[in-house]
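# A closer look at the structure
Here are the chains, one letter per residue:
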Amino acid sequence: MQISATPFGITDWTLVESTEHVGETGSASWRTKTFNGIRVRMVEYSPGYKANHWCRKGHILLCVEGELLTELDDGRSFVLKPGMSYQVADNAEAHRSSTNGGAKLFIVD
């Protein structure tokens, strides 16, 4: 990723309109901004959320609140707690997320 032609700016995420995305169970609320092709999101998963698909998009993801379980299609799984992050490349390990008690994430992709 190269960030270019993007002037300094501040984002107040509370002012960014949210969109709802239904999971296999629960839902996700996304607040999304795009900066020259780089998507940046503040995502909140409801308690009991489970993704309805295996994702192959690359991300850098930071857990801000709650606890997130991320499964890889090879059977491995990882738990992220506040202050923990993961990174994965496009078309690398397919992954999906779930949470029992809800989670808030900051994602760049």
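Residues numbered from 1 in each chain as written. Predicted model: local features only at pLDDT ≥ 70, side-chain atom pairs only at ≥ 80, totals over all residues. Heavy atoms only, no water.

## Overview of the overall build of the protein
Short version of the rule: Strands are runs of DSSP state E lasting at least two residues, helices are runs of H or I lasting at least four, and both sets are numbered from the N terminus onward. Our radius of gyration looks at C-alpha atoms and nothing else; its globule reference is 2.2 Å times the residue count to the power 0.38. Relative accessible area decides the class of each residue, using a 1.4 Å probe on protein chains only: under 20% of the type maximum gives buried, over 50% gives exposed, and in between gives partly exposed. Whether two residues are in contact is decided by their heavy atoms, any of which lying within 4.5 Å being enough. Charge counting treats Lys and Arg as positive and Asp and Glu as negative, with His and both chain ends excluded. A charged residue contributes its charge at one atom only: NZ of Lys, CZ of Arg, CG of Asp or CD of Glu.
Assigned secondary structure in the protein consists of zero helices and nine strands. Start at the N end of the protein and walk to the C end: the helices and strands fall as β-β-β-β-β-β-β-β-β. The C-alpha atoms of the protein give a radius of gyration of 14 Å, which matches the 13 Å a tight globule of 109 residues would have. Projected onto its principal axes, the C-alpha positions of the protein cover 40 × 30 × 25 Å. Within the protein, the fraction of its 109 residues that count as buried is 34%. The long-range share in the protein, meaning contacts at least 24 apart out of those at least 6 apart in sequence, stands at 58%. Of the charged side chains in the protein, 11 are positive and 13 negative; the average position of the first set lies 2 Å away from that of the second.

## A word on the nonpolar core
Condition: Buried Ala, Val, Leu, Ile, Met, Phe, Trp, Tyr and Cys residues that are joined via side-chain atoms within 4.5 Å together make up what is termed a nonpolar core.
Within the largest apolar cluster, 15 residues are counted, with the highest numbers of intra-cluster contacts made by Ala 28, Val 43, Tyr 45, Leu 61, Leu 68, Leu 80 and Leu 105. Among the elements that line this core, the one with the most residues is strand β9 (residues 103–108), at three residues. Ignoring any residue separated from it by four or fewer positions in sequence, one finds Ala 28 in contact with Thr 19, Glu 20, His 21, Val 43, Glu 44, Tyr 45 and Tyr 49. Ranked by size, the runner-up nonpolar core spans six residues in total, among them Trp 13, Val 16, Val 40 and Met 42.

## Considering unusual backbone geometry
Unusually for a residue other than glycine, Ala 5 sits at a positive phi of about 55 degrees. Within the element layout of this structure, Ala 5 appears in the segment before β1 (18–22). Phi at Asn 36 is positive, roughly 45 degrees, even though this residue is not glycine. The residue Asn 36 is located in the loop between β2 (27–35) and β3 (38–45) in this model. Exposure remark for Asn 36: the relative accessible area of 53% places this residue in the exposed category.

## Comments concerning the packing of aromatic side chains
Operational definition: Only Phe, Tyr and Trp rings are paired, with Trp represented by its six-membered ring, and only when their centres lie within 6.5 Å; those with planes under 30 degrees apart are stacked, over 60 edge-to-face, the remainder tilted. The criterion is that NZ of a Lys, or CZ of an Arg, lies within 6 Å of the ring centre and within 35 degrees of the ring normal, and then a charge sits over that ring.
What the rule picks out here adds up to two aromatic pairs. Seen in terms of ring centroids, Tyr 45 and Tyr 49 are 4.1 Å apart; in terms of plane orientation they differ by 5 degrees. Their pairing is stacked. The class for Tyr 45 is buried, based on a relative accessible area of 13%. It is Arg 41 that lies over the ring of Trp 30; its NZ or CZ is 4.3 Å from the centre.

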